[in-house]
Amino acid sequence: MKAVTFDFWNTLIDADTAGIRDRRLTAKLGLLAEAGFDIDGDVVSGAMRHASQQFDRSWRGNRYYGAQHAVDDIVEHLGIDASPELRAGLLATITDPDPAHDPHPTPHIGDALEGLRSAGVRIGIICDVGLAPSTTLRRFLAGHGLLGYFDHWSFSDEVGTFKPDPVIFDHALAGLGGIDPAAAAHVGDLRRTDIAGAQGFGMTAVRYTGIFDDPGSGADGSDAIEGDVVVADHADLLAALGIG
């Protein structure tokens, strides 16, 4: 095994989806109130949910939908005449959240990364970004002392495509030194993107269930996709891959 790549959310970093959503809502309500808009929290929450649904449709269709798109949709959904200053503030709630609330790493990921580096294995990231861009995700890793472990990054907003597209997997292994897929593994939580994408590219697919045990979907057949290896704790990763 010459290289191991990692998904980001719920693999390297605990997504804390509910917490992030609540903090974004609180921040947006404060900004709207400061701008003179007295809008019920449920209405703003509905606008955010609308933007989230737009992102999900775009993601599944392999189309980029970022934070600016979300802000534009939220403002339109609310039907308000938002100033450039208000739009910038709303954007910052996604791209520049309070560092005091940065999400936490998944258990034992630091030890696993240290073990891979000590074994001479190249380490990369293959990440489908959500609304928060790769610049924000790098900040999260740096804040926890993890960014320096990675030799290369393949974030979807920089590569221009999402998993399971083989282009993003090829980008990762090329950036790690032209690694043969047969000598590489990808670790991630989602069956449709991480597991199917890695297997389709010829990599060993590791499904990580420690934060989110993805059931998959019968609608797209992802419930029938399974990893070559399944681990619930990053402490078991190296042994499961025969490293060390």
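Here we summarise the structure given alongside this text. Bear in mind that the values here come from a model prediction, so they are computed numbers and not experimental data.

**A look at the pairing of strand S5 (residues 204-208)**
Consecutive side chains along a regular strand alternate between the two faces of the sheet. Among the five residues in S5, four count as buried, and that is most of the element. Across four bridges, the pairing between strand S4 (residues 184-188) and S5 is parallel. Bridge pairing in S5 places Ala185 opposite Thr204. Handedness of the crossover is the feature at issue here: the chain leaves S4, passes through helix H9 (residues 191-200), returns alongside S5, and the resulting connection is right-handed. Relative to strand S6 (residues 229-231), S5 runs parallel, the two being bridged by three bridges. For Tyr208, the partnering residue across the bridge sits in S6 and is Val231.

**Here we look at the nonpolar core**
Grouped together as the largest cluster of nonpolar side chains are 35 residues, with contacts concentrated most on Val4, Phe6, Phe8, Leu12, Leu137 and Phe150. At the level of secondary structure, the elements contributing two or more residues to this core comprise strand S1 (3-6), helix H5 (109-118), strand S2 (122-127), helix H6 (134-143), S4, S5, S6 and helix H10 (237-240). The greatest single-element share of this core, amounting to four residues, is contributed by H5. Setting aside residues no more than four positions away along its own chain, Leu137 makes contact with Phe8, Trp9, Cys127, Val129, Ala132 and Phe155.

**Some details on the packing of helix H2 (residues 41-60) against helix H3 (residues 67-78)**
The interhelical angle for the contact between H2 and H3, taken along N-to-C directions, is 135 degrees, at an axis separation of 9 Å. Comparing the axis directions of H2 and H3 gives the class oblique. Viewed along their axes, H2 and H3 form a crossing whose handedness is right-handed. Mapping the contact onto sequence places Val43, Val44, Gly46, Ala47, Met48, His50, Ala51 and Gln54 in H2 and Ala70, Asp73, Ile74, His77 and Leu78 in H3. Per-class residue counts for the contact of H2 with H3 are eight nonpolar, four polar and one charged.

The rules behind the values
- Residues numbered from 1 in each chain as written.
- Predicted model: local features only at pLDDT ≥ 70, side-chain atom pairs only at ≥ 80, totals over all residues.
- Heavy atoms only, no water.
- Buried < 20%, exposed > 50% of the residue type's maximum accessible area, 1.4 Å probe, protein only.
- Helix = DSSP H or I, 4+ residues; strand = E, 2+ residues; numbered from the N terminus.
- Pairing = 2+ DSSP bridges.
- Right-handed = clockwise from strand over helix to strand, strands pointing away.
- Core = buried A, V, L, I, M, F, W, Y, C linked by side-chain atoms within 4.5 Å.
- Contact = heavy atoms within 4.5 Å.
- Axes fitted to C-alpha atoms, helices over the stretch in contact; angles between N-to-C directions.
- Parallel < 35°, antiparallel > 145°, perpendicular 65-115°, else oblique.
- Left-handed = near helix turned anticlockwise from the far one by under 90°.
- Nonpolar A, V, L, I, M, F, W, Y, C, P; charged D, E, K, R; others polar.

These figures capture arrangement, not role.
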